[in-house]
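Remarks on the overall topology
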Amino acid sequence: MTKQTSVRDAMVREYLTDLEVALAGAEPIERAETLASIREHLEDSLPADASLEQVDQAIAALGPASAIAAESTPGYQPAFVHVAPNPTDWSAVMILAGGVASLFLIPLMPLAAILAVVILVAGIIKLRSKEGNRAMTKGGMVAAGLTLIMLLIIFLGLAVSMDVTSDTGTQEVSYQQD
Amino acid sequence: MSAEAEAVLTQVRKGVLEYCVLALLRSGPAYGLELATRLGSRQVLLGNEGTLYPLLSRLRRQELVETTWQESESGPPRRYYQLTPAGHAALQTFTDVWGPFVQDIESVLSEVHND
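Here the structure is a predicted model, which is why all the values come from computation and not from measurement. (Residues numbered from 1 in each chain as written. Chains lettered and ligands numbered in written order. Predicted model: local features only at pLDDT ≥ 70, side-chain atom pairs only at ≥ 80, totals over all residues. Heavy atoms only, no water.)

With that settled, consider the overall build of chain A. Looking only at helices and strands, chain A features 7 helices and 0 strands. Reading the helices (α) and strands (β) of chain A from amino to carboxyl end gives α-α-α-α-α-α-α. Taking all 178 residues of chain A together, 28% fall into the buried category. Long-range contacts, defined here as pairs at least 24 residues apart, represent 68% of the contacts in chain A between residues at least 6 apart. By element, 66% of the accessible surface of chain A is carried by carbon and sulfur atoms, the whole surface being about 11,600 Å². (Helix = DSSP H or I, 4+ residues; strand = E, 2+ residues; numbered from the N terminus. Buried < 20%, exposed > 50% of the residue type's maximum accessible area, 1.4 Å probe, protein only. Contact = heavy atoms within 4.5 Å. Areas by Shrake-Rupley, 256 points an atom, 1.4 Å probe, with all protein chains shown as cover.)

Encoded structure:
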């Protein structure tokens, strides 16, 4: 391949690449046919030993890629993208509501503890599924976790106070024996 | 040619050039370069040869023309375009309305205002 042939091929290739880019928004079938037809047009109009000037003239006669693209039919471009509203993630809502409810049920200690544990287990299962509203699920789990911490603090507080009461009672008994 | 004149021509060609292509095919099938050369030999019908090809693709999809491949003596096979019966009918309709349309335009353009 001579240097002139390679320059000539490069000129044609560059023009066709520009055209392909310019036709990016065109109707797909029309884009493919236009590109193929213009390639054929250049093959037809240029002799095998075409000079660089002849290639330049053939490309100039075809016109700028932008002008050809301007005459093409635009491809389908939706005027707006319909975004479906996120369906309510009811399981996440239940986890959040359960977590918050467990906080309010702290005075009823066993019930609050059971509910908080159930919420934490349900939250872990849901987060592992990687579906639904993760923020809401995590919120419910945080509330359930707080409930368990508060219940633990209350339980420890009661245990200590009962222990103190028990010690005091023992001392009182021993004083009476004395 | 001035940019204004070119802009006017671009607008006027829309909707007309495709019927000129159909008219050229009335005499028989022709390939792309041949059509481009015949249209380009007129003064103002075809701005850039390349703009012919999106138009030919549209005509084919509208089934006003159909394509066939034929061997060429001087190179690779050529894609020939030829009129379909629907293309003949569309060209006839255009021909029927074109005469009165041109008369009206010439009449309006030559009208002298006496205001």
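On we go from here.
Attention now goes to the sheet that holds strand E2 (residues 65-70) of chain B. All names here are of chain B. One open sheet accounts for 3 strands, arranged E1-E3-E2; its pairing is antiparallel. Two strands bound the open sheet, and with one partner strand each, they are strand E1 (30-31) and E2. Strands in contact with helix H2 (residues 17-25) are E1, E2 and strand E3 (78-83); relative to E3, the strand with the most contacts, it is inclined by about 95°. (Pairing = 2+ DSSP bridges. Axes fitted to C-alpha atoms, helices over the stretch in contact; angles between N-to-C directions.)

Let us look at the packing of aromatic side chains. The description of an aromatic ring pair rests on the distance of the ring centres and on the angle between the ring planes. All names here are of chain B. For the structure on display, the rule yields 4 aromatic pairs over all chains. Between Tyr19 and Phe94 the ring centres are 4.2 Å apart and the planes differ by 5°, which places this aromatic pair in the stacked class. Here Tyr19 is found in helix H2, whereas its partner Phe94 is found in helix H5 (residues 85-110), with 75 residues between them in sequence. Taking the relative accessible area as the measure of exposure, Phe94 reaches 15% and is therefore buried. Each ring, one from Tyr31 and one from Tyr80, has its centre 5.4 Å from the other, and the planes form 65°; the classification is edge-to-face. Of this pair, Tyr31 sits in strand E1 while Tyr80 sits in strand E3, and the two are 49 residues apart along the sequence. Grouping aromatic residues by their ring pairs yields a cluster made of Tyr19, Phe94, Trp98 and Phe101. (Phe/Tyr/Trp six-rings, centres within 6.5 Å; stacked < 30°, edge-to-face > 60°.)

Taken together, the contact pairs 22 residues of chain A with 20 residues of chain B. Across the contact surface, chain A and chain B share 7 salt bridges. The residue Arg78 of chain B makes a salt bridge to Asp44 of chain A at a minimum N-O spacing of 3.0 Å. For the side of chain A that touches chain B, the secondary-structure elements that each account for two or more residues are helix H2 (28-45), helix H3 (52-62) and helix H4 (65-70) of chain A. By residue number, the principal contributor to the side of chain A that touches chain B is H2 of chain A, which donates 12 residues. Across the side of chain A that touches chain B, the residue classes tally to 8 nonpolar, 7 polar and 7 charged. (Salt bridge = Lys/Arg side-chain N within 4 Å of Asp/Glu carboxyl O. Nonpolar A, V, L, I, M, F, W, Y, C, P; charged D, E, K, R; others polar.)

Trans is the prevailing form of peptide bonds, just as negative phi is the prevailing case for residues other than glycine. Of note, the phi angle at Glu63 of chain B is positive, near 65°, even though the residue is not glycine. Mapped onto the elements, Glu63 of chain B comes out in the loop between helix H4 (52-61) and E2.

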